[in-house]
Amino acid sequence: MSRPYRFALIGCGFFAQNHLQAWAQMPEVELVATCDVNYESALAAADRFGGTPYTDAAELFAREELDFVDIATTPPTHRMMVELAAEHGVAAICQKPLAWDMKDAQAMVAAMAEKDLPFMVHENFRFQYPMRKVKEVIDSGAIGRPFFGRISFRTAHDVYSAQPWCMDAERMIIADVSVHQFDLTRFFLGEPERLFTDAIRVNPKIKGEDVATIVLHLPGATCIVDTSYESKSDHNTYPQTFVTIEGTEGTVTLGPDYRLQVVSPEGVREETLVIPEHPWTSEPWNCIQDSVVNVQRHWVECLTNKTTPETSGADTLRVLDLTLGAYQSLETGEPYRAGSLL
Ligand SMILES: NC(=O)c1ccc[n+]([C@@H]2O[C@H](COP(=O)([O-])OP(=O)(O)OC[C@H]3O[C@@H](n4cnc5c(N)ncnc54)[C@H](O)[C@@H]3O)[C@@H](O)[C@H]2O)c1
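Residues numbered from 1 in each chain as written. Predicted model: local features only at pLDDT ≥ 70, side-chain atom pairs only at ≥ 80, totals over all residues. Heavy atoms only, no water.

**Quick word on the sheet that holds strand S3 (residues 52-54)**
Here is step 1 of the chain: Across the sheet, six strands lie side by side as S3-S2-S1-S4-S5-S6; this open sheet has parallel pairing. Strands with a single pairing partner mark the edges of an open sheet, and in this sheet they are S3 and strand S6 (119-122). If you compare each strand with its neighbour and ignore which way they point, the axes differ by 25 degrees on average.
Here is step 2 of the chain: One ladder, built from four bridges, connects strand S5 (residues 91-95) with S6; its direction is parallel. (Pairing = 2+ DSSP bridges. Helix = DSSP H or I, 4+ residues; strand = E, 2+ residues; numbered from the N terminus. Axes fitted to C-alpha atoms, helices over the stretch in contact; angles between N-to-C directions.)

Set out below in structure tokens:
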């Protein structure tokens, strides 16, 4: 690479701070602009991490020479941002969920494909260090053929103070968190064929659902995805995700505090995984923060090697199909056949 990739970060809110920190430790990229409708946010990011602050994405694209944009706004603006990127011939990485409906997501994927532009979704859970370890165990064959999974994210952490928009979202925890667990289901077990959802709202102050359980059927396997923002516990494990994968020869379990256990014909192996540290990461966020570094490294590797990202826009349509299908199942009370919305 002769010079760093020139990029702009659009949407300088809560989660974008992790993006900014992670980009800042990568010599392969150069932040040339920040953009937020809230000028103070764009300016604060530019002051700290570099680049010219903008409040209007159209103006940013018109003025700056960019290799890619990192879109960290909330979902209603994702399509507009990706279409602007396509129009200007700029590669894009966009936060999840890709969109609120399939039509928008497909339009985004088509716009980028038409110009042959790299397009990745910032789907970071599969890039968490412990998830890579679980996948290594499955791929090693140690537990045989997987036939059951449980992917669990339960907390009573107050997510609303940092992300007040979650209080007003008509569709909440499935679109916010189960979406990651659907991607993990695919990562560990393959493509689901159908799913059934049960979900409720426990917190009366919010609009959407905050407790959800989804049963997914895959060829020869079942997976339970359970997600809650209302689960009180004597041991706070936010923001950890727990995983159990049972196979014909054994079981791999990722439990609280990154405890990994592998039961196989070889015996029982246990270890506490140590999350890689960075100068800006801290507990309890470190695993998520480190996954942002891994996502962004993967993106740069794909740009450099001209390979398709694991969580490309096109691939992520399947995650969105499961997410929208989960709501459809909730609304109809019927199972959803995966792929019906594609
Ligand atoms: N992957 C993860 O682990 C994770 C965690 C949290 C949030 N997220 C995702 O990140 C995205 C942002 O969430 P957040 O909680 O940081 O939201 P946020 O509201 O804190 O930040 C969004 C920012 O975008 C700005 N913005 C909105 N419209 C804009 C526009 N038209 N042009 C420029 N800026 C605009 C807002 O002013 C705000 O500063 C969401 O898609 C969310 O799902 C992902």
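**Quick word on the site of the ligand**
Here is step 1 of the chain: Around the ligand sit 21 residues, and of these Phe 14, Phe 15, Asp 36, Lys 96 and Asn 124 come closest.
Here is step 2 of the chain: Contact distances for the ligand include 2.8 Å between an oxygen atom and a backbone N or O atom of Phe 15.
Here is step 3 of the chain: Contact between the ligand and Gln 95: a nitrogen atom at 3.4 Å from a side-chain N or O atom of the residue.
Here is step 4 of the chain: Compared with its free state, where it exposes 850 Å², the ligand has 85% of that area covered by protein.
Here is step 5 of the chain: Among the residues making up the shell around the ligand, the classes are represented as nine nonpolar, 10 polar and two charged.
Here is step 6 of the chain: A domain split of the shell around the ligand shows at least three residues from each of domain 1 (5-117) and domain 2 (126-273 + 319-337). (Near = heavy atom within 4 Å. Polar contact = N/O pair within 3.5 Å; in protein donor to acceptor, adjacent residues only side chain to side chain. Areas by Shrake-Rupley, 256 points an atom, 1.4 Å probe, with all protein chains shown as cover. Nonpolar A, V, L, I, M, F, W, Y, C, P; charged D, E, K, R; others polar. Domains from an automatic or database assignment.)

**Observations concerning the pairing of S5**
A regular strand places its side chains so that they alternate between the two faces of the sheet.
Here is step 1 of the chain: For S5, the buried fraction is high: five of the five residues fall into the buried class.
Here is step 2 of the chain: Side chains of S5 alternate between two faces, with Ala 91, Ile 93 and Gln 95 and Ala 92 and Cys 94 buried alike.
Here is step 3 of the chain: Pairing of strand S4 (residues 68-71) with S5 involves four bridges; the strand directions are parallel. Bridge assignment links Ile 71 to a residue of S5, and that residue is Cys 94.
Here is step 4 of the chain: Crossover connection from S4 via helix H4 (residues 78-87) to parallel S5: handedness right-handed.
Here is step 5 of the chain: Taking the sense of rotation as the criterion, the β-α-β connection linking S5, helix H5 (residues 102-114) and S6 turns out right-handed. (Buried < 20%, exposed > 50% of the residue type's maximum accessible area, 1.4 Å probe, protein only. Right-handed = clockwise from strand over helix to strand, strands pointing away.)

**Let's talk about the packing of aromatic side chains**
Here is step 1 of the chain: Counted according to the given criterion, the structure contains 10 aromatic pairs.
Here is step 2 of the chain: Aromatic pair Phe 187 and Phe 188: ring centres 5.5 Å apart, planes at 40 degrees, arrangement tilted.
Here is step 3 of the chain: Judged by relative accessible area, Phe 187 falls into the buried class, the value being 10%.
Here is step 4 of the chain: Residue class for Phe 188 comes out buried when judged on its relative accessible area of 5%.
Here is step 5 of the chain: Taking 5.5 Å as the distance between ring centres and 90 degrees as the angle between the ring planes, the aromatic pair formed by Tyr 238 and Trp 285 counts as edge-to-face. (Phe/Tyr/Trp six-rings, centres within 6.5 Å; stacked < 30°, edge-to-face > 60°.)

**Considerations on the nonpolar core**
Here is step 1 of the chain: Ranked by size, the top nonpolar core spans 51 residues in total, and within it Val 134, Ile 174, Phe 182, Phe 188, Ile 214, Ile 245 and Val 252 carry the most contacts.
Here is step 2 of the chain: Top contributing element to this core by residue count: helix H8 (residues 173-189), with 10 residues.
Here is step 3 of the chain: Among residues more than four places away in sequence, those in contact with Val 252 are Val 134, Val 137, Ile 138, Ile 143, Val 243, Thr 244, Ile 245, Leu 260, Gln 261 and Val 262.
Here is step 4 of the chain: Within the second largest apolar cluster, 34 residues are counted, among which are Leu 98, Met 102, Met 108 and Val 121. (Core = buried A, V, L, I, M, F, W, Y, C linked by side-chain atoms within 4.5 Å. Contact = heavy atoms within 4.5 Å.)

**Overview of the sheet that holds strand S14 (residues 267-272)**
Here is step 1 of the chain: Strand order in the open sheet formed by nine strands is S14-S13-S12-S11-S7-S10-S9-S8-S15, and the pairing between neighbours is mixed. If you trace the sheet from one side to the other, it starts and ends with S14 and strand S15 (336-337), each paired once.
Here is step 2 of the chain: Packing of helix H6 (residues 129-140) onto the sheet brings it into contact with strand S7 (146-154), strand S11 (242-247), strand S12 (251-255), strand S13 (259-264) and S14, and relative to S12 it is tilted by some 175 degrees.
Here is step 3 of the chain: H8 contacts S7, strand S8 (194-200), strand S9 (211-218), strand S10 (221-228) and S11 of the sheet and is inclined by roughly 155 degrees relative to S10.

**Some words on helix H2 (residues 39-49)**
Residues spaced three or four apart along an α-helix face the same direction, because each turn holds 3.6 residues.
Here is step 1 of the chain: Among the residues of H2, Ala 42, Ala 45, Ala 46 and Phe 49 are the ones counted as buried. One side of H2 holds all its buried residues, which, seen down the axis, span an arc of 95 degrees. Looking at H2, the residues exposed on the side facing more than 90 degrees away from the buried face are Glu 40, Asp 47 and Arg 48.
Here is step 2 of the chain: Tucked inside the fold, the buried residues of H2 contact helix H1 (16-24), strand S2 (29-35) and S3.
Here is step 3 of the chain: For H2, the N-terminal capping position is held by Asn 38, with its side-chain oxygen 3.0 Å away from the main-chain nitrogen of Glu 40.
Here is step 4 of the chain: Within two residues after H2, Gly 50 carries a phi angle of roughly 105 degrees, on the positive side. (Arc of directions from axis to C-beta.)

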